[in-house]
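Summary of structural features
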Amino acid sequence: MKKEALNKILHLPLSELISLANKTRRNFLGDTIELCSIINAKSGLCNQDCRFCAQSRLHKTGIETYALKAKKELVVAALRAQDIGAKRFGIVTSGNTLSREELKRICEAASGIKNKLGIKLCASLGSIGTDDLRLLKEAGVSRYHHNIETSARYFPRVATTHTFADRIATIRRVKNCGLEICSGGIIGMGESMQDRLEMALCLKELKVDAVPINILVPIKGTPLEKQQSLSCAEVIRTIAAFRIILEDKIIKIAAGRESALKDFQALAFFAGADGMLIGGYLTIKGRAVEEDHRLLKEIKKLWMG
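Summary of the structure given here. Since we're looking at a predicted model, the values are computed, not measured. (Residues numbered from 1 in each chain as written. Predicted model: local features only at pLDDT ≥ 70, side-chain atom pairs only at ≥ 80, totals over all residues. Heavy atoms only, no water.)

Considerations on the overall build of the chain
As a reminder of what qualifies: A run of DSSP states H or I qualifies as a helix once it reaches four residues; a run of E qualifies as a strand once it reaches two. Both are numbered from the N-terminal end. Our radius of gyration is a C-alpha quantity, and the globule rule it is checked against amounts to 2.2 Å times the number of residues to the power 0.38. Contacts are assigned to residue pairs that have any heavy atoms within 4.5 Å of one another.
Counting secondary structure elements, the chain contains 11 helices and 9 strands. In terms of overall size, the chain behaves like a compact globule, its C-alpha atoms giving a radius of gyration of 18 Å where 305 residues would be expected to give roughly 19 Å. When its C-alpha atoms are laid out on the principal axes, the chain stretches across 55 × 40 × 35 Å. For the chain, restricting intrachain contacts to residue pairs at least 6 apart in sequence, the fraction spanning at least 24 positions comes to 76%.

Some thoughts on helix α6 (residues 164-176)
Rules: What a helix is expected to span follows from its residue count: subtract one and scale by 1.5 Å. Only protein chains enter the calculation, and the probe is 1.4 Å; a residue is then buried if its accessible area is under 20% of its type maximum, exposed if over 50%, and partly exposed in between. The directions considered for the arc run from the helix axis to the C-beta atoms.
If you check α6, its first and last C-alpha atoms are 19 Å apart, about what 13 residues at 1.5 Å a residue would give, namely 18 Å. All of the buried residues along α6 are Phe164, Arg167, Ile168, Thr170, Ile171 and Val174. One side of α6 carries all its buried residues, which in axial view fall inside an arc of 160 degrees. For α6, the exposed residues lying more than 90 degrees away from the buried face are Ala165 and Asn176. The inward-facing, buried residues of α6 abut α5 (130-139), β4 (141-145), β5 (180-182) and α7 (193-206). Just downstream of α6, Gly178 is the residue with a positive phi angle, here 85 degrees.

Quick notes on helix α1 (residues 3-10)
Since the α-helix turns once every 3.6 residues, residues separated by three or four places project in the same direction. Those residues of α1 lying buried are Leu6, Ile9 and Leu10. Seen end-on, α1 carries its buried residues on one side only, within an arc spanning 95 degrees. Exposed side of α1, more than 90 degrees from the buried face: Glu4 and Lys8 are the residues found there. Contacts from the buried residues of α1 go to α2 (14-29), α7 and α8 (232-246).

Overview of the packing of aromatic side chains
Stated precisely, the cut-off is as follows: Pairs were defined over the aromatic rings of Phe, Tyr and Trp, the Trp ring being its six-membered one, requiring ring centres within 6.5 Å. Orientation was assigned from the angle between planes: stacked under 30 degrees, edge-to-face over 60, tilted for the rest. In this scheme, Lys NZ or Arg CZ marks a charge over a ring once it lies within 6 Å of the ring centre and within 35 degrees of the ring normal.
Summed over all chains, the structure comprises 1 aromatic pair. Above the face of the Trp303 ring, Arg25 is positioned so that its terminal group lies 3.9 Å from the ring centre.

Describing the nonpolar core
As a reminder of what qualifies: The term nonpolar core refers to a set of buried residues drawn from Ala, Val, Leu, Ile, Met, Phe, Trp, Tyr and Cys, joined through side-chain atoms within 4.5 Å.
One finds Phe89, Leu136, Phe242 and Phe269 to be the most contacted residues of the largest nonpolar core, which totals 93 residues. Looking at this core element by element, the count peaks at 9 residues for α8.

Section: the environment of Leu117
Looking at the secondary structure, you find Leu117 in the loop between α4 (100-116) and β3 (120-124). Beyond its immediate stretch of four places on either side in the chain, Leu117 contacts Val75, Ala78, Leu79 and Gln82.

Observations regarding the pattern of salt bridges
Pairing is possible between side chains that carry opposite charge, provided their charged atoms lie close to one another. Heads up, the rule is: A pair is scored as a salt bridge if a Lys or Arg side-chain nitrogen falls within 4 Å of a carboxyl oxygen belonging to Asp or Glu.
Per the stated rule, a full pass over the model turns up 19 salt bridges. Ionic pairing is found between Glu73 and Lys69, a salt bridge with its closest N-O pair at 3.8 Å. For Arg134, the salt bridge is made with Asp131, and the minimal N-O distance between the two is 3.8 Å. Of this pair, Arg134 and Asp131 both sit in helix α5, 3 residues apart, which is roughly one turn of that helix. The exposure class of Arg134 is partly exposed, given its relative accessible area of 47%. When its relative accessible area of 54% is taken as the criterion, Asp131 is described as exposed. One continuous salt-bridge network, built from bridges that share partners, spans Glu34, Arg88, Arg143 and Glu180.

See below:
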């Protein structure tokens, strides 16, 4: 679909856009929802300057910082993720790269999780080389997460210590190693709807497998702490646009869904979402798992109706 035609669709009344996105989701993916859970396995002291992030050592956010967790802690966290209903468990670390020793520990934990549990494994460890990706794959990791965050045009306003091209290169290495790739970004950082359209088109061109959509939660101490929040309608319009563009890709609502959508989270699943993070985020506490499971039951009832 040409960009001009997409722009015309995206300017439809919101109710029509939601209807189109919902039909697209159902036609390509049916009525399934993928649940993921993550662990902040190494927190803070990152040397990158991402303007949204509480974990950069350049920002005074007061978050808890700690070194890479022990193998046993990662296995226990994976067990909890499985117990709360997640089908995927992601090991996430702060910083742009890991040391050889850190990667070895994560591979050992991944092997232990794979051997003991049925949950699928993801990793989000920053920029990573081909050899390390192969080690992760051998250890049982099936999907790698690496966001592009926003459009190529807007990226320099989000981070300057690495480039948009750096992120694309990592994604291509992941694809070349035969791992699935999870890549999305954050909306509400001051970018335009056109930037979001460009981001979705880029993800489509990269043939990613899953797309997390985070909604900025302005964190005190970061450069975006006073960023104006998006309206619920704009978030829903963005999710619908991503579904129409990405068609058969998993689209997950992630951090910020609670504060941005409030009591309208179910609407995201009628606007094209088919996945969700549960059990909390990196430095932001999510809502109770029981509430999310009630939400999922309600969505499935409404889908069936």
